Structure formats: C-alpha cells, structure tokens
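Each chain, written out:
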Amino acid sequence: MLFTDLGLRAEILRAIADQGYDTPTPIQAQAIPAVLAGRDLMAAAQTGTGKTAGFTLPILQLISSRPAASHARPRVLVLTPTRELAAQVEESVRTYGRHLSLKSAVIFGGVGMSPQIKALKSGVDILVATPGRLLDHLGQRNADLSGVEILVLDEADRMLDMGFLPDMRKLFALIPKSRQTLLFSATFSEEIRTLAATLMHNPQSVEV
Ligand code: AMP
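Residues numbered from 1 in each chain as written. Predicted model: local features only at pLDDT ≥ 70, side-chain atom pairs only at ≥ 80, totals over all residues. Heavy atoms only, no water.

S.K.: Quick question: what am I supposed to make of the overall build of the protein here?
M.R.: Assigned secondary structure in the protein consists of 9 helices and 7 strands. The C-alpha atoms of the protein give 16 Å as radius of gyration, which agrees with the globular expectation for 208 residues (17 Å, within 12%). Projected onto its principal axes, the C-alpha coordinates of the protein cover approximately 45 × 40 × 30 Å. Taking all 208 residues of the protein together, the buried fraction comes to 51%. Pairs at least 24 apart in sequence give 72% of the contacts found in the protein among residues at least 6 apart. Accessible area of the protein: about 9,300 Å², with a carbon and sulfur share of 51%. (Helix = DSSP H or I, 4+ residues; strand = E, 2+ residues; numbered from the N terminus. Rg over C-alpha atoms; globule rule 2.2 N^0.38 Å. Buried < 20%, exposed > 50% of the residue type's maximum accessible area, 1.4 Å probe, protein only. Contact = heavy atoms within 4.5 Å. Areas by Shrake-Rupley, 256 points an atom, 1.4 Å probe, with all protein chains shown as cover.)

Structure below.
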C-alpha cells in the first residue's frame, strides 16, 4: 500500500512526498482509513511507529474537506501529557498541513500566557495542548472548545500516570458530545479502557 492509495488530497500527498515518505507504516495503514470513515479509534501505538502522522494526516483531510462553522474556534483538539510532545505534534501538523490554509497553535505550561493568548485570539483550527494550561486559558475565556469536531488523546496512558484525569474530565465537559474521538496509548490498562468506554462510540481498535 502507498500513501496515494488512501484517498488523501493532493496538497497532503505533496507534503508527505516533501518528507520523502511513500509507504504508510502499519499503524498509519490501519488508522488513516478508520479516521477518514469518521470512526472513533483506539490505537495501541508507541512513539516511533508513525502514530503522529497516523492521526494528523486524516484529520487534515477531514477538516480541509468540511466547511468550517467558525474559524474563531478550534475544530480539532489534541491533548498530550508533555510540552515536548505537544510541540512535536504541532510541528507535524505544520509539516503535513504546509500546502493547506489551516491554522494551528500549541499551548503548554511553564512559559508566558501572552503569546499563547495572542495565538488563540488570532483564530486556530487545530489546537495542540497540555491539559492544565489549556484549562487556565479556558478559565480566562481565551479559548472556546464548543466547536471541536475531533478530539485526540495522545499518549493517554501517560496523561493518566501524570494525574491529568481530573483536568481531562473538565475539558471533556466543554467539548461537544457529537465529536469524533481518537485515543492513542502505549498500553491498554483497565483505566484506559474505562476512560475509552465513557468517551467513545463503538471505537475501532488498532494494534501494531
Ligand atoms: P512518531 O511515532 O509519530 O513519533 O513518528 C516517528 C518517526 O517516523 C518520525 O520521525 C516521523 O517523521 C517518521 N515517519 C512517520 N511516518 C513515516 C512513514 N510513513 N515512513 C517513514 N517514516 C515515517
């Protein structure tokens, strides 16, 4: 299978080719069609498997093909446990979205709020964030999650290990129920399965 077999638009295929990739990794070959079909997805995948492109590519396809209800509110929210992962994911969104006109931003703690507020106010389609700092912004009404169409939990097991569950629950309450939800985790512990059961509708499972 090649990336050109997946039904991705030309702008996205060009960005993939710019990276020198032509063949999807196993997780990508399974996740991309499921996400494009609108399914909720539970994927067991470690770093290094190509999981980031596995959700970024189909999300860019879906979002660029659907009319936006509003450009003032994020349409995609990716939650990550650490600032490093958040920055890495947003870099992938930029890389694969470089020939599209979507806007992304990254939000994490330990740095000043002002540049993040500026980015949020200027309009963001795809928001990548760590839970705590995102809640701070929501408390200050710097962001509005009521337009989120796709929610991604990246390294969900690490978010639970780091004690983010209460923050995550507060965030979930602010996101429309009618969204698509994608959950990536290195392991599927009992806790992860319980979380998935409360968040997802008939998810497709992918394991590599
Ligand atoms: P990740 O597991 O998302 O952290 O990705 C691991 C590395 O694999 C990153 O450096 C990606 O740029 C690279 N990568 C992602 N997809 C592919 C692919 N289809 N072929 C070769 N390398 C890839």
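Structure's up, so let's keep going.
S.K.: I tried to follow the site of the ligand on my own but got confused; where do I start?
M.R.: Taken together, Phe3, Tyr21, Thr23, Pro24, Thr25, Gln28, Thr47, Gly48, Thr49, Gly50, Lys51 and Thr52 make up all the residues around the ligand. Here an oxygen atom of the ligand and a side-chain polar atom of Tyr21 are 2.6 Å apart. At 3.0 Å, a backbone N or O of Thr49 approaches an oxygen atom of the ligand. Its free accessible area being 500 Å², the ligand has 68% of it covered by the protein chains. Taken atom by atom, the bulk of the ligand overlaps the largest pocket. (Near = heavy atom within 4 Å. Polar contact = N/O pair within 3.5 Å; in protein donor to acceptor, adjacent residues only side chain to side chain. 1 Å grid on protein atoms, 1.4 Å probe; cavity = no way out; pocket = protein on both sides within 12 Å on 5 of 7 lines; lining within 4 Å. Sits in = over half its atoms within 2 Å of the grid points.)

S.K.: Mind showing me how you'd approach the layout of surface pockets here?
M.R.: A water-sized probe, rolled over the atoms, reveals where empty space remains. Empty space within the largest pocket amounts to approximately 230 Å³. Looking at the largest pocket, it is lined by 19 residues, and the ones nearest its centre are Gln28, Gly50, Thr52, Ala53 and Tyr96. Elements with a contribution of two residues or more to the lining of the largest pocket: helix 3 (51–65) and helix 4 (83–96). In terms of residue class, the lining of the largest pocket is made up of 7 nonpolar, 10 polar and 2 charged. (Points joined across faces, edges and corners; volume = space filled by probe spheres on them. Nonpolar A, V, L, I, M, F, W, Y, C, P; charged D, E, K, R; others polar.)

S.K.: Explanation requested: the packing of aromatic side chains in the structure shown.
M.R.: Aromatic ring pairs are defined here through the distance separating the ring centres and the angle between the ring planes. Throughout the structure, instances matching the rule amount to 1 aromatic pair. Both rings, one in Phe55 and one in Phe184, keep their centres 5.1 Å apart while their planes meet at 55°; by these two values the pair is tilted. Placement of the pair is Phe55 in helix 3 and Phe184 in strand 6 (residues 180–185), with a sequence separation of 129 residues. By relative accessible area, which is 1% here, Phe184 ends up buried. (Phe/Tyr/Trp six-rings, centres within 6.5 Å; stacked < 30°, edge-to-face > 60°.)

S.K.: How should I be thinking about the pairing of strand 1 (residues 41–44) in this particular structure?
M.R.: Here is the key point about a regular strand: its side chains alternate between the two faces of the sheet. Residue alternation in strand 1 divides its side chains into two sets, Leu41 and Ala43 and Met42 and Ala44, and both sets are buried. The pairing of strand 1 with strand 6 spans 4 bridges and is parallel. Bridged to Leu41 within strand 6 is Leu182. Here 4 bridges tie strand 1 to strand 7 (residues 204–207), and the two strands are oriented parallel to one another. Residue pairing in the sheet places Leu41 in a bridge with Gln204 of strand 7. (Pairing = 2+ DSSP bridges.)

S.K.: Would you mind showing me how to read the packing of helix 6 (residues 131–139) against helix 8 (residues 165–172) here?
M.R.: Helix-helix packing is characterised by the crossing angle of the two axes and by the distance between the axes. Interhelical geometry of helix 6 versus helix 8 gives an angle of 45° and a closest axis separation of 9 Å. On the basis of the axis angle, helix 6 is oblique to helix 8. Read as a crossing pair, helix 6 and helix 8 show a hand that is left-handed. Taken together, the residues of helix 8 that come into contact with helix 6 (itself represented by Pro131, Gly132, Leu134, Leu135 and Leu138) are Asp167, Met168, Lys170 and Leu171. Its residues placed into classes, the contact of helix 6 with helix 8 shows 6 nonpolar, 1 polar and 2 charged. (Axes fitted to C-alpha atoms, helices over the stretch in contact; angles between N-to-C directions. Parallel < 35°, antiparallel > 145°, perpendicular 65-115°, else oblique. Left-handed = near helix turned anticlockwise from the far one by under 90°.)

S.K.: Can you walk me through the nonpolar core in this structure?
M.R.: Inside soluble globular proteins, nonpolar side chains tend to come together where they are buried. Formed by 36 residues in total, the largest nonpolar core has its most connected members in Leu41, Leu57 and Leu182. The contact partners of Leu57, leaving out residues within four places of it in the chain, are Phe3, Leu8, Ile12, Ile16, Ile32 and Tyr96. With 33 residues, the next largest nonpolar core counts Leu134, Leu171, Phe188 and Met200 among its residues. (Core = buried A, V, L, I, M, F, W, Y, C linked by side-chain atoms within 4.5 Å.)

S.K.: Help me understand unusual backbone geometry, please; the structure alone is not making it clear to me.
M.R.: Of all residues except glycine, most have a negative phi; of all peptide bonds, most are trans. Here Arg141, not a glycine, exhibits a phi torsion of approximately 60°, which is positive. With respect to the secondary-structure elements, Arg141 resides in the loop between helix 6 and strand 5 (150–153). Since its relative accessible area comes to 72%, Arg141 is described here as exposed. With phi around 50°, Glu155 is a residue other than glycine that occupies positive phi space. Checked against the element boundaries, Glu155 lands in the loop between strand 5 and helix 7 (156–161). Given the relative accessible area of 9%, Glu155 is considered buried.

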